Amino acid sequence: MSRITRQWKLLLPLGVLVILASALVSSSLAASKAKEVRVAIMTDCKGAFGFGYEPDIGGAQAALAQYAGGKVKNPKKPSAGMTGIKVGNTSVKIVGYGCGDDTVPTAVKETRRLMEQLKADVMIGPLSGDEAVYVANYAKTRPTKTFIIGTAGSQDPTLQIAPKNVFRYHGDGAQWNAGIGEIAYKTLGWRNAAIVMDDYSFGWTSAAGIIADFCAIGGKITKRVFPPLNTTDYSSYVQQLPAPGSVDGYFWVVGGTGTAASLTAFEQAYGAIDPKQHIGNLFFAFLGADKVVAPKVVGSYVGGFGTGPGLKTKQAKAYEAVVAKHYPGLNGGNYADGFVYNYYNAAWAFVQGLQKSNGVVGAALQKAMPRSLKSGYEVSDGGVVKLDANRQAIQDQYPLQIVKQGDAITTKVVGYVPNVDQSFGGLFKKTSPAPGRTQPACVKKKTPWQGKIKVVNNGAITNRIIK
């Protein structure tokens, strides 16, 4: 055997190994590039907020269609699903939709089904306050999973609980009501008021913003009443309220199917409603309640939802055009509904995070999730929503008023409150009790926006101040 032949035989195994190693590396890279990120969208299909099911899903999927190439299966039914979602070289699959009913037991079952049985890497949702409190605590036990709150507005998930794998790109219920108490005090001349609040985490948080804002300017809350969520007969709770004439007005924090029923009970007890004596949180105006409620309270002021219906800015128009493109007529064409808008922003943030992490989930995705987001109804800081240290949005807010335009009843933005943070100007802290029946106390203090709320006229922010 020649020396050349012997050398060739010695080299052959090494060559084979090199070829095999290269093949394995190529195969491994191909598998990595083909990795599928699994996403769940958690919302409610039953209970007080069941009507938010399609709007929530549609908002999230409009962003996935616009920014990740998703193909809508049925533009009239978002829950029919999507195909072809891809971020860079990474495929994204929606593994399922959560079907909550605003209760914790159902949220437990659905979250575990989505995250454990269907093995989602990321959850967009949930919808409601108590659900989000559970999900935030669940997230602590699943640090490799990423949770982006859909539109739930309880304070606890990103302040008192605040796990590092939970993100929220919208305000909580207290933030949404910034400015409404000052309007009650200055514009309507209220000094003493009663408040009715759903007896659960979002009701408490939403009421906390109203109480904090009204008391900060000098108002007093003389009575707090707490009907359970999903109450149908509010007569006994209305009877707990001081009669008209003994207070200047009433704040209503009753959501979902209860909004109309609670006002009906008030009418039965005290007669026709004077709109100047009633202010509601977002449920006076959003999620279909406006068809029943709004005709009774034309002229009433309403706490916001982190959105600006009718706001005439380029970003607002661009956002609304995107949703209309993929789901024309979604939510009756009310794309400014926070249930559409907040799920949209959550999904848009997820796409940006996945782009930056190159398709890697877990800690890499959580590190890559954007700490700011160019958002449709944000005006401050060049139209960018910024997250605080707890991954919670600092967001512009827009108090509303219910108005009649021709034969239609709608809302208009009346004020602009810039950059409201979750601490509400230092009132709420991580060490504070979460909002509840007695939290917060009625305290006079200076908020960052006090005396600085700008008038919004015909969708344009002016330099005039609400007085």
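Everything numeric in this text was worked out from a predicted model, so none of it was measured.

Rules used throughout
Residues numbered from 1 in each chain as written. Predicted model: local features only at pLDDT ≥ 70, side-chain atom pairs only at ≥ 80, totals over all residues. Heavy atoms only, no water. Helix = DSSP H or I, 4+ residues; strand = E, 2+ residues; numbered from the N terminus. Buried < 20%, exposed > 50% of the residue type's maximum accessible area, 1.4 Å probe, protein only. Contact = heavy atoms within 4.5 Å. Areas by Shrake-Rupley, 256 points an atom, 1.4 Å probe, with all protein chains shown as cover. Pairing = 2+ DSSP bridges. Axes fitted to C-alpha atoms, helices over the stretch in contact; angles between N-to-C directions. pLDDT = per-residue confidence, 0-100. Salt bridge = Lys/Arg side-chain N within 4 Å of Asp/Glu carboxyl O. Core = buried A, V, L, I, M, F, W, Y, C linked by side-chain atoms within 4.5 Å. Disulfide = S-S within 2.5 Å. Parallel < 35°, antiparallel > 145°, perpendicular 65-115°, else oblique. Nonpolar A, V, L, I, M, F, W, Y, C, P; charged D, E, K, R; others polar. Left-handed = near helix turned anticlockwise from the far one by under 90°. Expected span 1.5 Å × (residues − 1). Phe/Tyr/Trp six-rings, centres within 6.5 Å; stacked < 30°, edge-to-face > 60°. Lys NZ or Arg CZ within 6 Å of the ring centre and 35° of its normal.

**Regarding the overall build of the protein**
So, step 1. The number of helices and strands found in the protein is 14 helices and 21 strands.
So, step 2. When burial is assessed residue by residue, the protein has 57% of its 467 residues classed as buried.
So, step 3. Within the protein, contacts between residues at least 6 apart in sequence are counted, and of these 67% link residues at least 24 apart.
So, step 4. For the protein, the exposed surface amounts to about 18400 Å²; the carbon and sulfur share of it is 55%.

**Side note on the sheet that holds strand β19 (residues 415-420)**
So, step 1. Taken in spatial order, the 6 strands make up an open sheet running β14-β15-β16-β19-β20-β21, and their pairing is antiparallel. Whereas interior strands pair on both sides, the edge strands pair on one side only; in this sheet they are β14 (372-374) and β21 (460-465). Adjacent strand axes in the sheet meet at a mean angle of 30° when their direction is disregarded.
So, step 2. Strand direction decides the pairing type here: β14 and strand β15 (residues 384-387), joined by 3 bridges, are antiparallel. By the bridge assignment for β15, S372 is matched with K386.

**Some remarks on the confidence of the model for the protein**
So, step 1. In the predicted model, the protein carries a mean pLDDT of 92, and 92% of its residues have values of at least 70.
So, step 2. Counting contacts from residues 1-34, a segment whose pLDDT is below 50, to residues more than four positions away or on other chains yields 4 contacts.

**Topic: the pattern of salt bridges**
So, step 1. Inspection of the entire model under this criterion finds 6 salt bridges.
So, step 2. The salt bridge partner of R38 is E36, with a shortest N-O separation of 3.5 Å.
So, step 3. Relative accessible area serves as the criterion here: at 34%, E36 is assigned to the partly exposed category.
So, step 4. The partner of K296 in a salt bridge is E267, with the nearest N and O atoms 3.0 Å apart. Remark: E267 occurs in helix α9 (residues 258-270) and K296 occurs in the loop between α10 (290-293) and β13 (301-302); sequence separation between them is 29 residues.

**Considering the nonpolar core**
So, step 1. Formed by 88 residues in total, the largest nonpolar core has its most connected members in W252 and F350.
So, step 2. No other element matches the 12 residues that helix α12 (residues 338-356) contributes to this core.
So, step 3. Setting aside chain neighbours within four positions, we find W252 in contact with V196, L241, S262, L263, F266, H278, I279, G280, N281 and F284.

**Looking at the state of the cysteines**
So, step 1. One pass over the structure, following the stated rule, counts 2 disulfides.
So, step 2. Residue C215 pairs covalently with C442 via a disulfide, S to S 1.9 Å. Across the S-S bond of C215 and C442 the torsion is about -100°, and the bridge reads as left-handed. Placement of C215 in helix α7 (residues 201-217) and of C442 in the loop between β19 and β20 (454-457) is noted, with a sequence separation of 227 residues between them.
So, step 3. A residue is classified by how much of its surface remains accessible, and C215, at 1% relative accessible area, is buried.
So, step 4. Of the residues examined, C442 reaches a relative accessible area of 30% and is grouped as partly exposed.

**Remarks on unusual backbone geometry**
So, step 1. Omega for the peptide link from G125 to P126 comes to 10°, which places this bond in the cis form.
So, step 2. Inspection of the secondary structure puts P126 in the loop between β6 (122-124) and α4 (129-140).
So, step 3. Cis geometry is adopted by the peptide bond preceding P440, which originates at Q439 and carries an omega value of 10°.
So, step 4. If you trace the backbone, P440 turns up in the loop between β19 and β20.
So, step 5. Within the chain, K119 stands out as a residue other than glycine whose phi angle is a positive 55°.
So, step 6. Tracing the backbone through its elements, the reader meets K119 in the loop between α3 (104-117) and β6.
So, step 7. K119 sits in the exposed class, given a relative accessible area of 52%.
So, step 8. One non-glycine residue with positive phi stands out, namely A162, at about 50°.

**Section: the packing of helix α11 (residues 314-326) against α12**
If you want to describe how two helices pack, look at the angle between their axes and the distance between the axes.
So, step 1. Relative orientation of the contacting elements α11 and α12 amounts to 90°, with a least axis distance of 12 Å. When the interaxial angle is binned, α11 and α12 end up roughly perpendicular. Taken together, the residues of α12 that come into contact with α11 (itself represented by Y319, V322 and V323) are V340, Y341 and Y344.
So, step 2. For the contact of α11 with α12, a count of residues per class yields 6 nonpolar, no polar and no charged.

**Some remarks on the packing of helix α2 (residues 53-68) against α12**
So, step 1. Relative to each other, α2 and α12 sit at 35°, their axes nearing to 7 Å. As α2 runs across α12, the sense of the crossing is right-handed. Counted together, P55, D56, G59, A60, A62, A63, L64, Y67 and A68 of α2 and F339, V340, Y343, Y344, A347, W348, F350, V351 and Q355 of α12 form the full contact between these two elements.
So, step 2. Here the residues of the contact of α2 with α12 are counted per class, giving 15 nonpolar, 2 polar and 1 charged.

**A look at α9**
So, step 1. Along its 13 residues, α9 runs 18 Å from first to last C-alpha, staying within 8% of the 18 Å computed at 1.5 Å per residue.
So, step 2. Positive phi shows up at G271, right after α9, with a value of about 90°.

**Some remarks on the packing of aromatic side chains**
So, step 1. Counted according to the given criterion, the structure contains 22 aromatic pairs.
So, step 2. Ring centres of F424 and F428 lie 6.1 Å apart, and the angle between their planes is 55°; this geometry places the pair in the tilted category. The residues F424 and F428 share a single accessibility class, namely buried.
So, step 3. Among the aromatic residues, those joined into a cluster by ring pairs are F49, W176, F202, F283, F305 and F339.
So, step 4. A cation over a ring is seen here: R191 above Y185, with NZ or CZ 3.6 Å from the ring centre.

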